[in-house]
Amino acid sequence: MTEAAALPGQPRGGVLSGPATDRAVNVLAPNPSAMTLDGTNTWIVAEPDSDLAVVIDPGPLHEGHLAEVVATAGRAGKRVALTLLTHGHPDHSEGAARFAELTGSKVRALDPALRLGDEGLAAGDVITTGGLELRVVPTPGHTADSLCFHLPADRAVLTGDTVLGRGTTVVAHPDGRLGDYLDSLRRLRSLTVDDGVHTVLPGHGPVLEDAQGAVEFYLAHRAHRLAQVETAVENGHVTASDVVAHVYADVDRSLWPAAELSVLAQLEYLKEHGLI
C-alpha cells in the first residue's frame, strides 16, 4: 500500500491540474496558503462529445488564472456556457463576475448576491448543459450557502470546501453550523452508499479515490473533536481561544484563528444539545 492510499479517502498523487475523470478537468489557481492548501481547484466539467462546458468555482480574481481556465476549455474544443459556485468564499467566487465577462456565461449560486442571471441553485436542481448531468446537493455547514454537485456519469461528487483533498474543513461560525455540517456529511455518505459515488473532486487538494472512506473519516474526526471540546469545557477551558490552545495544541498556530471558528460552532452545538 502506498503512503497516499493509507491516508483518509486515498488521495491521488501527482500533479493536481489536468484531467481527473472522463468529464472533469482541474485548473489549479495560483493562490496557495495554509487555508487554501495548494490553491483553489477550478473544475471544467463537460460531456466528452459536447462543445459546451460548465465551470465550477472560477476562483480568485486573478486574470492569468481566469484566462487559463478559458484556454483549457478552448484547447478541448469547448466553450464555457455556465458557471456554478459551491459557496461564496472569495477564493472560490471572487473571480466569477470577471469570468462571466470573459465567457459570456451566467453565474448560478445558492446566494442571490453571487448570481449573474435570473437562475439560482436549489436542492434537487439538475444541470443539463451540453448533455451533462450535474445534480445539486445542498451541503450547508462549512457555510450556510455551501453546495456540492453530483456527477453521476463519473460516480463523482464535487465538494467545494465541504470535503477537502487533504486535512479537514473549518465550520465557519457563525455562518457555518456544526449540526448542519454533520447532516451534510451524512447526505454525502448516502451518495457513496446508495448512488455509487466513489470519487471526490474537492475545492482544494488532490482528488480522493475513496469517497466513502473520506466522509467516514470526517464524521469520526468531528465526533472526536466534539468530545475533546466537551471535555475541555468540563475541565475549565471556557472561552473559544482557551479551548483551541488546549485541544488544537498540535496544530500549526497560523491555523488557530480558523480553528477558533470551528470551536465556536462546536460550543454552540454542545449548548443547543444541553451537553455543556
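Since this is a predicted model, take the numbers as computed values, not measurements.

This part is about the pattern of salt bridges. Applying the stated criterion to the full structure yields 13 salt bridges. Between R177 and E272 there is a salt bridge whose closest N-O contact spans 2.7 Å. Of the two residues, R177 sits in the loop between β10 (156-160) and α5 (178-194) while E272 sits in helix α8 (residues 256-272), which places them 95 residues apart along the sequence. Across the pair E216 and R189 runs a salt bridge whose closest N-O atoms are separated by 3.5 Å. Of the two residues, E216 sits in helix α6 (residues 211-234) while R189 sits in helix α5, which places them 27 residues apart along the sequence. With relative accessibility at 31%, the residue E216 sits in the partly exposed group. Judged by relative accessible area, which is 28%, R189 ranks as partly exposed. A cluster of three or more residues bridged by salt bridges with shared partners is formed by R23, E47 and D154.

Attention shifts here to the packing of helix α2 (residues 63-75) against helix α4 (residues 96-103). Running from N to C, α2 and α4 cross one another at 45°; their axes reach a closest spacing of 10 Å. By the criterion of interaxial angle, the relationship of α2 to α4 is oblique. Note that α2 runs across α4; the crossing there is right-handed. Contact residues: E63, L66, V69 and V70 in α2; R98, F99, L102 and T103 in α4. A per-class count over the contact of α2 with α4 returns five nonpolar, one polar and two charged.

Next up on the list: the sheet that holds strand β9 (residues 147-151). Pairing between sheet strands relies on hydrogen bonds along the backbone, with the strands arranged either parallel or antiparallel. Spatial ordering of the open sheet is given by β7-β8-β9-β10-β11, a layout of five strands whose pairing is mixed. Two strands close off the open sheet at either side, each with one partner strand: β7 (126-127) and β11 (199-202). Bridging between β7 and strand β8 (residues 134-138) involves two bridges; their strand directions are antiparallel. Note on β8: the bridge partner recorded for I127 is L134. Each of β8, β9 and β10 is contacted by α5, which is oriented at about 150° to β8, the strand it contacts most.

Reading the values: rules and limits
Residues numbered from 1 in each chain as written. Predicted model: local features only at pLDDT ≥ 70, side-chain atom pairs only at ≥ 80, totals over all residues. Heavy atoms only, no water. Salt bridge = Lys/Arg side-chain N within 4 Å of Asp/Glu carboxyl O. Helix = DSSP H or I, 4+ residues; strand = E, 2+ residues; numbered from the N terminus. Buried < 20%, exposed > 50% of the residue type's maximum accessible area, 1.4 Å probe, protein only. Axes fitted to C-alpha atoms, helices over the stretch in contact; angles between N-to-C directions. Parallel < 35°, antiparallel > 145°, perpendicular 65-115°, else oblique. Left-handed = near helix turned anticlockwise from the far one by under 90°. Contact = heavy atoms within 4.5 Å. Nonpolar A, V, L, I, M, F, W, Y, C, P; charged D, E, K, R; others polar. Pairing = 2+ DSSP bridges.

No statement about biological role is implied by the geometric values presented.
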